[in-house]
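Chain residues, written in single-letter form:
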Amino acid sequence: MTKPLWAPWRLEYIAQADELEGCVFCAESKHQVPAAECLRVRDGSAAIALLNKYPYSSGHLMIAPRRHVGSLAELTDEEALEIHRLAVASVDVLTRLYGPGGFNLGWNLGRVAGAGIADHVHLHVVPRWGGDTNFMPVLADVKVLPEHLLETRDRLRENWSASD
Ligand SMILES: [Zn+2]
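1. A word on the overall build of the protein
Logical step 1: A count of helices and strands for the protein gives four helices and five strands.
Logical step 2: When the elements of the protein are put in sequence order from the N terminus, they spell out α-α-β-β-β-α-β-β-α.
Logical step 3: For the protein, with 164 residues in total, the buried portion stands at 35%.
Logical step 4: Sequence-distant contacts in the protein: of pairs separated by 6 or more residues, those separated by 24 or more amount to 64%.
Logical step 5: Surface summary for the protein: the accessible area is close to 10,100 Å², and the carbon and sulfur share equals 58%.

In structure tokens:
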């Protein structure tokens, strides 16, 4: 038996499995995450900003379009602009609240590039401190992380620039 090269039913299955397991960006975007666990810090009309549940560093945010699209090319001008504005506001609020020494901003496109959710593009905003770990999860903090995250979420929401 030859192995089928083109199997659209399988793609459908994968798409469905993805839906069932849930896309965190879509769930947050549609307000389907219970308030107690929701990590969204800002709602835009075309994009949202949320905390990463598995951060590289404290205050690690992700900005995603509301639409489930997998490539940069699919972003509309409106989405691209709002993502940029949310990134600027993220850097601003994180700077005021936590005063990191710098930031890394970037897109991981495709799983080989490290994208955890490869089919819903998102921009990472990662605050950096002098001498911090270089893009390594802070494993020691895993147990207390949920509380930290929700606390950080509330602080970011309260202090988000009103002009945005
Ligand atoms: Zn999605």
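2. Examining unusual backbone geometry
Logical step 1: At His-31, a residue that is not glycine, the phi angle is positive and equals roughly 60°.
Logical step 2: Tracing the backbone shows His-31 in the loop between α2 (24-29) and β1 (40-43).

3. Description of the nonpolar core
Logical step 1: Val-41, Leu-51, Leu-61, Ile-63, Leu-156 and Trp-160 are the most contacted members of the largest nonpolar core, which totals 22 residues.
Logical step 2: For this core, the secondary-structure elements that each account for two or more residues are β2 (47-51), β3 (61-65), α3 (77-98), β5 (123-128) and α4 (145-159).
Logical step 3: Ranked by residues supplied to this core, first place goes to α3 with seven residues.
Logical step 4: In this structure, Cys-23, Cys-26, Leu-50 and Met-62 belong to the second largest nonpolar core, which totals seven residues.

4. What about the confidence of the model for the protein?
One rule of thumb: low pLDDT means the predicted coordinates there are not for detailed reading.
Logical step 1: Confidence along the protein averages 80 in pLDDT terms, with 76% of residues attaining 70 or more.
Logical step 2: Note that pLDDT drops below 50 for residues 1-20; the model gives that stretch four contacts with residues more than four away or on any other chain.
Logical step 3: In the predicted structure, residues 134-146 sits below a pLDDT of 50 and forms 11 contacts with residues beyond four places in sequence or in another chain.

5. Let's talk about the coordination of the zinc ion
Angles between donor atoms at a metal ideally measure 109.5 degrees for a four-coordinate tetrahedral arrangement and either 90 or 180 degrees for a six-coordinate octahedral one.
Logical step 1: Binding of the zinc ion to the protein goes through Cys-23 (SG), Cys-26 (SG), His-68 (ND1) and His-120 (ND1), at separations of 2.0 to 2.3 Å.
Logical step 2: For the zinc ion, the four donor atoms in the first shell make angles of 101 to 119° at the metal, so the coordination geometry reads as tetrahedral.
Logical step 3: Within one chain, the residues donating to the zinc ion are spaced in sequence as C-x2-C-x41-H-x51-H. Note that Cys-26 is positioned in helix α2 and His-68 in the loop between β3 and α3, a separation of 42 residues in sequence.
Logical step 4: Relative accessible area serves as the criterion here: at 7%, Cys-26 is assigned to the buried category.

About the thresholds
- Residues numbered from 1 in each chain as written.
- Predicted model: local features only at pLDDT ≥ 70, side-chain atom pairs only at ≥ 80, totals over all residues.
- Heavy atoms only, no water.
- Helix = DSSP H or I, 4+ residues; strand = E, 2+ residues; numbered from the N terminus.
- Buried < 20%, exposed > 50% of the residue type's maximum accessible area, 1.4 Å probe, protein only.
- Contact = heavy atoms within 4.5 Å.
- Areas by Shrake-Rupley, 256 points an atom, 1.4 Å probe, with all protein chains shown as cover.
- Core = buried A, V, L, I, M, F, W, Y, C linked by side-chain atoms within 4.5 Å.
- pLDDT = per-residue confidence, 0-100.
- Donors = N, O, S within 2.8 Å, 3.2 Å for Na, K, Ca; no water.
- Tetrahedral: all angles 85-135°; square planar, octahedral: opposite > 155°, others 65-115°.

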